[in-house]
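Survey of secondary and tertiary structure
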Amino acid sequence: MSFQQIALEDKQRALSELQEVKELFASRGWFPGTSGNLSIRVGDFNPNDFQFAVTASGKDKTVHTPEDYLFVDQDGKPCEATRLKPSAETLIHCEIYKLTGAGAIFHIHSVFNSVISEYFWDRKSVPVDGVELIKGFNIWDEEAHIDIPIVSNFAHIPSIVPEITERIVKHIPGVLLRKHGIYAWGANAFEAKRHLEAFEFIFEYVYRLELLQRGNR
Ligand SMILES: [Zn+2]
C-alpha cells in the first residue's frame, strides 16, 4: 500500500496526458480489440512506494469515458475506492517502474512487433544494425548495434514478471513479449512516446529488410 498523498493537479496532468496519448495511438490503430495499456507515474518515486495512473481493463480505447483510468500503487492495487479493474498487465508496469524509475510506460500490440517477436524468438532478441532511429533511444554511436530483448508470453501474467526483471537492459527502453506486443518507457510521456515510435519504425524496417533480403537469396 502506498501512503503518498498526490497533489490533485499532478493527477490531473497525468490523466490529460494519458488521454492525449491514447487518442493519438488509437488514431494509428495501435489498440486493436481493446488491447494495449498506458500508464503515467505520479508523485515521488521509491521502488517500494509509488503510484501511477493506468488504463482500466477492457475499455474501448478509441472513445473517452470518465472511467478510462484509475490510480494504482506499486503492487498494482487501486489507491482509491473504485469499481474499475486495472488491466491484468498492470503487474508488468509495476515491475518496469520498480526496475527503471521511469515516468511513463506505453504498451501496444501491432502486427510488426508481434511478427518480429516470433521471428527472432530463437535468439530471444531482435538485432538492429545502424538504423538512424536508434538515436531515438539516445544512442549516438555511428553504426550502433542493439539487441531488443524478447520475453515469453505466458497467459499467467505474474509468470512473465521474473523474465522482465532478468532481461531488461539499461540502455534499451523497451521489451517485446513474444507474439504479443511491446512495452516502451521513458522519463515522461513525451520520451516514452518517442521511444515507442522509434521501436515501431525499427520493427517495420527489420521486417521489410528481412523480406527483401530473403527474396534476393
Ligand atoms: Zn498486451
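Counting from 1, residues in each chain are numbered in the order their sequence is written. Only residues with pLDDT of 70 or above have their local features reported here, since the model is predicted, and side-chain atom pairs are shown and tallied only from 80 upward, although totals for entire chains, interfaces and linings are computed over all residues. Side-chain metrics rest on all non-hydrogen atoms present in the structure, leaving aside hydrogens and water.

1. Quick look at the pattern of salt bridges
When charged atoms on two side chains of opposite charge get close, those side chains can pair. Every case where a carboxyl oxygen of Asp or Glu lies within 4 Å of a side-chain nitrogen of Lys or Arg is listed as a salt bridge. Per the stated rule, a full pass over the model turns up 14 salt bridges. When the shortest N-O distance is used, the salt bridge between Arg-178 and Glu-118 registers 2.8 Å. Residue Arg-178 is located in the loop between strand 7 (174-177) and strand 8 (181-186), and its partner Glu-118 is located in helix 3 (residues 111-119); the two are separated by 60 residues in the primary sequence. A cluster of three or more residues bridged by salt bridges with shared partners is formed by Asp-10, Arg-13 and Glu-17. Strands are runs of DSSP state E lasting at least two residues, helices are runs of H or I lasting at least four, and both sets are numbered from the N terminus onward.

2. As for the side chain of Gln-51
Tracing the sequence through the fold places Gln-51 in strand 2 (residues 51-55). Whether a residue is buried, partly exposed or exposed follows from its accessible area with a 1.4 Å probe, protein chains only, as a fraction of its type maximum: under 20%, in between, or over 50%, in that order. Judged by its relative accessible area of 4%, Gln-51 is buried. N or O atoms closer than or at 3.5 Å make up a polar contact, with two conditions inside protein: a donor-capable atom paired with an acceptor-capable one, and, for residues adjacent in sequence, both atoms drawn from side chains. A distance of 3.2 Å separates the side chain of Gln-51 from the backbone oxygen of Gln-4, its partner in a polar contact. The contacts of Gln-51, once residues within four sequence positions are left out, are Ser-2, Gln-4, Ile-6, Arg-41, Val-42, Val-72, Asp-73 and Cys-79. Residue contacts are defined here by distance: any two heavy atoms, one from each residue, within 4.5 Å place the two residues in contact.

3. Describing the nonpolar core
Each nonpolar core is a collection of buried residues, namely Ala, Val, Leu, Ile, Met, Phe, Trp, Tyr and Cys, held together in the definition by side-chain atoms within 4.5 Å. One finds Phe-25, Phe-106, Val-126, Val-128 and Ile-148 to be the most contacted residues of the largest nonpolar core, which totals 42 residues. Counting residues per element, this core draws most heavily on helix 5 (residues 189-216), which supplies eight residues. Setting aside chain neighbours within four positions, we find Ile-148 in contact with Lys-124, Ser-125, Val-126, Val-128, Ile-172, Gly-174, Phe-199, Ile-202 and Phe-203.

4. A short note on helix 2 (residues 90-100)
Within helix 2 the residues assigned to the buried category are Thr-90, Ile-92, His-93, Cys-94, Glu-95, Ile-96 and Tyr-97. At the C-terminal side of helix 2, Gly-101 shows a positive phi close to 70°.

5. Quick notes on the packing of helix 2 against helix 4 (residues 157-167)
Axes here refer to lines fitted to C-alpha atoms; in helices the fit is confined to the stretch in contact. Angles between the N-to-C directions go from 0 to 180 degrees. Interhelical geometry of helix 2 versus helix 4 gives an angle of 20° and a closest axis separation of 9 Å. With respect to each other, helix 2 and helix 4 are oriented roughly parallel. Relative to helix 4, the crossing made by helix 2 is right-handed. Contact residues: helix 2 offers Leu-91, Ile-92, Glu-95, Ile-96 and Leu-99, while helix 4 offers Ile-157, Pro-158, Ile-160, Val-161, Ile-164 and Thr-165. Three categories are distinguished: nonpolar for Ala, Val, Leu, Ile, Met, Phe, Trp, Tyr, Cys and Pro, charged for Asp, Glu, Lys and Arg, and polar for the others, with Gly belonging to the last. A class-by-class count of the residues in the contact of helix 2 with helix 4 yields nine nonpolar, one polar and one charged. Roughly parallel refers to an angle under 35 degrees, roughly antiparallel to one over 145, roughly perpendicular to one between 65 and 115, and oblique to any angle outside these ranges. Helix crossings fall into two classes, left-handed where the near helix is turned counterclockwise from the far one by less than a right angle and right-handed where it is turned clockwise.

Such coordinate-based values are descriptive only and should not be taken to indicate function.
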